[in-house]
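# Chains, contacts and geometry: an overview
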Amino acid sequence: MPDTLLSTFDVRTAFHTAEGTAVAVDGVSLSVARGETLAVVGESGCGKTVLGLSILGLVQPPGRIDAGRVLFDGTDLLTLSPEAMRRVRGNRISMIFQEPMTSLNPVLRVGEQIAEAIRLHRGKSRREALAQAGNMLSLVGISDPDRRLASFPHELSGGMRQRVMIAMALCLSPDLLIADEPTTALDVTIQKQILALMLDLAAAKGTAILLITHNLGVVAETCDNAAIMYSGQVAEYGDVASLFANPLHPYTAGLIRSLPRPGDKTRLEAIPGTVPSLTRLPRGCRFHPRCPRVFDRCRTDAPPFFRLESGRCARCWLHAEAALETLP
Amino acid sequence: MSALIAVQGLSRRYVVRGGVLGTSRRTVTAVDGVDLAVNRGETVGLVGESGCGKSTLARCVAGLERPSAGRVLYDGREMDDPRVRDNLPRLIQMVFQDPFSSLNPRRSVGFSVAEGLWAMGMGDRAARRERVMELLDQVGLLPEHADRYPHQFSGGQRQRVAIARALATNPSLVVCDEPVSALDVSVQAQVINLLCDLKARLGLAYLFISHDLAVVGHISDRTAVMYLGRIMELAPTDTIMDNPAHPYTRALLAAAPIPDPARRQAARTPLAGDAPSLFSPPPGCVFHPRCPEAMPECAVSSPKLLETSPGHFVRCLKETP
Ligand SMILES: Nc1ncnc2c1ncn2[C@@H]1O[C@H](COP(=O)(O)OP(=O)(O)OP(=O)(O)O)[C@@H](O)[C@H]1O
Ligand SMILES: Nc1ncnc2c1ncn2[C@@H]1O[C@H](COP(=O)(O)OP(=O)(O)OP(=O)(O)O)[C@@H](O)[C@H]1O
Ligand code: SF4
Ligand code: SF4
Ligand SMILES: [Mg+2]
Ligand SMILES: [Mg+2]
């Protein structure tokens, strides 16, 4: 293992509701090295955000982390006191949240919000913090940063709000950055600029990045490794080049086939059906009702996580024979 | 025959506070003199830099905001015409990016879908219920879904609900503001297929905003490229994708991430320079400070949007005779 910064072991986070227990993250084990960018991809509702929140200790009731360990630089974050965890969040791990509108305070000027974050964790004066906030805004490509500091969130376009969130996360230069769909509201040129900024940070400071995204183009261009999630579990893990060239899991293959191709206006090849409800999971492989390669065993036995010689992993019976070992 | 929607010389200005204390007031022009038509059954894609005014233009077209100058004609009639004003929900509906916040969490999905019918006084209770079932079926949901609440659906299903809701009043145009950007690629493919089917079946027209050029390329008949409140290029989509004439369009296409690690691009920042400021737009061509092909005169004279070949409009001095 190269210089591992974060590893999760068998993390299980569930929502205990009247309708039953929904296990949103069901035994996820992943690791990220310093300077590495790991993509987390998967169907809407498969548990990506909840995984990020679990690492940060921000899961709210009725949700609860029921099992697992989150080792960050040698410490199990799940055993820390709320106070110690708050310090880790401010100083060493930052998260860019998926919905900028709900994570920004609507009645506070954005400059104050960024400066507040800087002041809280870096003990700077208001004026220094505001100046740094202005610098961060121009780094994320917002023009006229000094005037924009005085804007309220509703006066900014969707993409500008998203960049304010990014500025807030980056100004603390964290060791680990969890970025949840950081560039969905941005045009491709600014997206490129922001991703380059994040990668520069990874290269210069050795920041590890957990990049949660739907955008396979972004994964292909910026990430080292990728974890493809389905229904709360990691379905496939591996280096990005092999994963695109030769996906191991039929779900990964289906995602890649769903992409629109330039110049081709025929019907897109969506994966038929929808994700199973977390309270009514199918027997056997969770993907089997939608899998084009399903066979008998898939309908009764849940596949374990098979690790192949290449280091790639897949939760699919098709790889049982080639597997070196099975992980839970 | 007049266009379904004709945007003519539309501008939208906002007054915003400036200065660190927020005491000074300035006017910004978010949309600056846009002309754009959408014909019956046509999909017009709208792409461009974040903050360039796409959503503002969309809200003006949907009648949610008043333009500061210029007008929007609906089938040749002004917004103030009662035949337009009183019928707006039957002409235009909007689908927003965020399927989570655009539905009322306390109302059943059936209620949300029927709300527009109820507001327009269309049909009695039983007829409305029947229409809801028909709509849910059209977007690939089940009748039993009508009695469920938004939190019981996945993101993709909620976006289907939002589309069913938009279709309830049988509009001629649906304005889609980044309708698929929150969805994973498989659900995105399902929603795009659905929009294409509905267009074929019901003759719907779309104004379709997206940052994903592959998606716009797939769904749009024509595409408009905006920069700093202005349309820089407008042409049939294949022309925009294969033969872009404007340097900004070319920069945009070059920046699109390619879902193939074997083709990873070395250059990560294709567009140099700062994003433009609405507070002090550059003189001359607004793109000149960042344009890789800028000439000295670009800093002084501002190009007009000209038709350089039939149906292909470009705003660039290089394309100006
Ligand atoms: N407060 C909650 N109560 C009950 N279930 C919840 C709650 N929050 C999340 N869930 C469930 O947990 C699952 C995982 O949600 P999560 O937000 O992690 O999905 P995601 O992978 O981030 O999806 P998306 O791509 O749409 O953001 C979903 O099925 C969701 O319904
Ligand atoms: N209510 C408002 N008050 C002040 N300024 C506004 C308001 N609404 C929008 N603006 C400004 O108008 C400009 C255009 O915003 P708009 O939301 O139309 O951009 P957009 O092209 O949709 O961007 P994005 O791709 O990021 O969603 C932005 O500079 C924004 O700050
Ligand atoms: S285990 Fe069977 S059903 Fe599951 S993904 Fe593999 S082939 Fe498909
Ligand atoms: S007018 Fe000049 S600066 Fe503007 S796009 Fe054309 S070449 Fe570039
Ligand atoms: Mg999420
Ligand atoms: Mg917008």
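Residues numbered from 1 in each chain as written. Chains lettered and ligands numbered in written order. Predicted model: local features only at pLDDT ≥ 70, side-chain atom pairs only at ≥ 80, totals over all residues. Heavy atoms only, no water.

Counting its secondary structure elements, chain A contains twelve helices and 13 strands. Here the C-alpha atoms of chain A give a radius of gyration of 21 Å, agreeing with the 20 Å that 2.2 N^0.38 yields for 328 residues. Based on the C-alpha atoms only, the size of chain A along its principal axes is roughly 65 × 55 × 45 Å. Evaluated residue by residue, chain A yields a buried proportion of 57% over its 328 residues. Counting contacts in chain A only where the partners sit at least 6 residues apart, residues at least 24 apart contribute 60% of the total. (Helix = DSSP H or I, 4+ residues; strand = E, 2+ residues; numbered from the N terminus. Rg over C-alpha atoms; globule rule 2.2 N^0.38 Å. Buried < 20%, exposed > 50% of the residue type's maximum accessible area, 1.4 Å probe, protein only. Contact = heavy atoms within 4.5 Å.)

Another aspect to go through is the site of ligand 1. Residues and elements named next belong to chain A. Residues in contact with ligand 1 amount to 13 residues; listed here are only the nearest, S44, G45, K48, T49 and Q98. G47 is positioned with one of its backbone polar atoms (N or O) 3.0 Å from an oxygen atom of ligand 1. Here an oxygen atom of ligand 1 and a backbone polar atom of V50 are 2.9 Å apart. Taken by itself ligand 1 offers 640 Å² of open surface, and the protein chains cover 69% of this. (Near = heavy atom within 4 Å. Polar contact = N/O pair within 3.5 Å; in protein donor to acceptor, adjacent residues only side chain to side chain. Areas by Shrake-Rupley, 256 points an atom, 1.4 Å probe, with all protein chains shown as cover.)

Next up on the list: helix α4 (residues 109–119) of chain B. Two residues of an α-helix separated by three or four positions point the same way, owing to the 3.6 residues in each turn. All names here are of chain B. For α4, the set of buried residues is V109, G110, S112, V113, A114 and L117. Buried residues along α4 sit against α5 (125–138) and α6 (155–167). Following α4 by one or two positions, G121 adopts a phi angle in the positive range, close to 65°.

This next bit is on the pairing of strand β10 (residues 233–239) of chain A. Residues and elements named next belong to chain A. Counting buried positions along β10 gives six out of seven residues, so the element sits mostly inside the fold. Sheet topology note: the β10/strand β12 (residues 313–314) ladder contains two bridges and is antiparallel. Note that in β12 the partner of Y237 across the bridge is C313. (Pairing = 2+ DSSP bridges.)

Pairing between the strands of a sheet comes from backbone hydrogen bonds, and it takes one of two forms, parallel or antiparallel. All names here are of chain A. Pairing is antiparallel in the open sheet, where four strands are placed in the order β2-β1-β4-β5. Every other strand in the sheet has two partners, leaving β2 (20–33) and β5 (75–76) as the edge strands with one partner each. Where strand β1 (residues 4–17) and β2 come together, eleven bridges link them in antiparallel fashion. Its bridge partner being in β2, L6 is matched across the sheet by V32.

The environment of ligand 4 is formed by 13 residues, the closest being C285, C291, C298, C316 and L317 of chain B. For the shell around ligand 4, a count of residues per class yields nine nonpolar, two polar and two charged. (Nonpolar A, V, L, I, M, F, W, Y, C, P; charged D, E, K, R; others polar.)

All names here are of chain B. With respect to topology, eight strands assemble into an open sheet ordered β6-β7-β8-β3-β9-β10-β12-β11, the strand pairing being mixed. Both edges of this open sheet fall to β6 (92–95) and β11 (306–309), since each of them pairs with a single strand only. The sheet shows a mean angle of 25° between the axes of neighbouring strands, taken without regard to direction. By the bridge criterion, three bridges tie β11 to strand β12 (residues 312–314) in an arrangement that is antiparallel. Opposite E307, over in β12, you have F313 as the bridge partner. (Axes fitted to C-alpha atoms, helices over the stretch in contact; angles between N-to-C directions.)

Here the focus is the packing of aromatic side chains. Aromatic rings in a pair are described by how distant their centres are and how their planes are angled relative to each other. If you walk through the whole model with that rule in mind, you get seven aromatic pairs over all chains. Their ring planes at 55° and their centres at 4.7 Å tell us that Y230 of chain A and Y251 of chain A sit as a pair that is tilted. With a gap of 21 residues between them, Y230 of chain A in strand β9 (residues 225–230) and Y251 of chain A in helix α11 (residues 250–257) connect regions that are remote in the sequence. For the pair Y230 of chain A and Y251 of chain A, one class covers both residues: buried. Considering the side-chain rings of Y230 of chain A and F287 of chain A, the 5.0 Å spacing of their centres and the 80° angle between planes classify their relative orientation as edge-to-face. Of the two residues, Y230 of chain A sits in strand β9 while F287 of chain A sits in the loop between α11 and α12 (296–300), which places them 57 residues apart along the sequence. Following the ring pairs from residue to residue traces out a cluster consisting of Y230, Y251 and F287 of chain A. Here the basic side chain of R297 of chain A rests over the ring of W317 of chain A, its NZ or CZ set 3.7 Å away from the ring centre. R107 of chain B extends its terminal NZ or CZ atom over the ring of F111 of chain B, reaching a point 4.1 Å from the ring centre. (Phe/Tyr/Trp six-rings, centres within 6.5 Å; stacked < 30°, edge-to-face > 60°. Lys NZ or Arg CZ within 6 Å of the ring centre and 35° of its normal.)

Here the focus is the domain arrangement of chain A. Residue and element names in this part refer to chain A. Once the domains are mapped, chain A shows domain 1 (4–92 + 176–272) and domain 2 (101–173). If you look at the interface, domain 1 gives 17 residues, while domain 2 gives 14 residues. In total, domain 1 and domain 2 occlude about 1,200 Å² of area from one another, counting both sides; carbon and sulfur atoms represent 63% of this. Considering only the side of domain 1, the residues that lose the most area to domain 2 are G90, N91 and L197, jointly responsible for 33% of the buried surface there. Joining domain 1 to domain 2, the criterion identifies zero salt bridges. Inspection of the region where domain 1 meets domain 2 yields four residue pairs in polar contact (both at pLDDT 80 or more). Those elements that place two or more of their residues in the side of domain 1 that touches domain 2 are α2 (82–91) and α8 (188–205). In terms of residue class, the side of domain 1 that touches domain 2 is built from nine nonpolar, five polar and three charged. (Domains from an automatic or database assignment. Buried area = accessible area lost by both parts, 1.4 Å probe. Salt bridge = Lys/Arg side-chain N within 4 Å of Asp/Glu carboxyl O.)

All names here are of chain B. When its domains are assigned, chain B resolves into domain 1 (5–227) and domain 2 (243–257 + 267–321). Distance from the C-alpha centre of domain 1 to the C-alpha centre of domain 2: 28 Å. Taken together, the contact pairs twelve residues of domain 1 with twelve residues of domain 2. Taking both sides of the interface into account, the surface hidden between domain 1 and domain 2 amounts to around 1,200 Å²; carbon and sulfur atoms contribute 68%. Considering only the surface of domain 1 that becomes buried against domain 2, E49, L213 and Y227 emerge as the three largest contributors, covering 49% of it. At the boundary of domain 1 with domain 2, the tally comes to one salt bridge. Here R290 and E49 are joined by a salt bridge, their closest N and O atoms 3.1 Å apart. At the junction of domain 1 and domain 2, the tally comes to three residue pairs in polar contact (both at pLDDT 80 or more). Breaking the side of domain 1 that touches domain 2 down by element, the ones donating at least two residues are β2 (24–38), β3 (43–48) and β9 (222–227). A total of four residues in the side of domain 1 that touches domain 2 trace back to one element, the largest contributor, which is β2.

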